[in-house]
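Working through the structure, step by step
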Amino acid sequence: RPPALRPPRALALADKVANRREQPTEATCITEMSVMMACWKQNDFNDAPCAEEIRMFYNCVAKAE
């Protein structure tokens, strides 16, 4: 049985690749996240002593978005 859809052009590979540039995604807030995780590790993953570090990380994420 023939295919239901007909392609607009012949199905063949092109001689060249499209020159599209993907936008590089930069990692943001890495410093704030590492400071927050280091604080958690020093305080047995308790949020109370690390409230300032957590706030700084969330502020950075909000600015990045």
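Above this text is the structure in question.
Residues numbered from 1 in each chain as written. Predicted model: local features only at pLDDT ≥ 70, side-chain atom pairs only at ≥ 80, totals over all residues. Heavy atoms only, no water.

1. Side note on helix α2 (residues 51-64)
Think of an α-helix as turning once every 3.6 residues; residues three or four places apart then point the same way. Formally: Note on conventions: DSSP H or I runs of at least 4 residues are helices, E runs of at least 2 residues are strands, and numbering of each starts at the N terminus. Multiplying 1.5 Å by the residue count of a helix minus one yields the expected span of that helix. In what follows, residue pairs with any heavy atoms lying within 4.5 Å of each other are defined as contacts.
Between its terminal C-alpha atoms α2 stretches 20 Å, which fits the 20 Å expected from 14 residues at 1.5 Å a residue. Residues of α2 that are buried sit in contact with α1 (30-42).

2. Considering the state of the cysteines
Just so we agree on the cut-off: Any cysteine sulfur atom paired with another within 2.5 Å is treated as part of a disulfide. Relative accessible area decides the class of each residue, using a 1.4 Å probe on protein chains only: under 20% of the type maximum gives buried, over 50% gives exposed, and in between gives partly exposed.
Counted according to the given criterion, the structure contains two disulfides. Across the disulfide, C29 is cross-linked to C60 (sulfur-sulfur distance 2.0 Å). The S-S bond linking C29 to C60 shows a torsion near -95°; that makes this disulfide left-handed. On the criterion of sequence distance, the pair formed by C29 in the segment before α1 and C60 in helix α2 is long-range, its members being 31 residues apart. A relative accessible area of 6% places C29 in the buried class. Look at C60 and you get buried, because its relative accessible area is 17%.

That is the geometry; function is a separate question.
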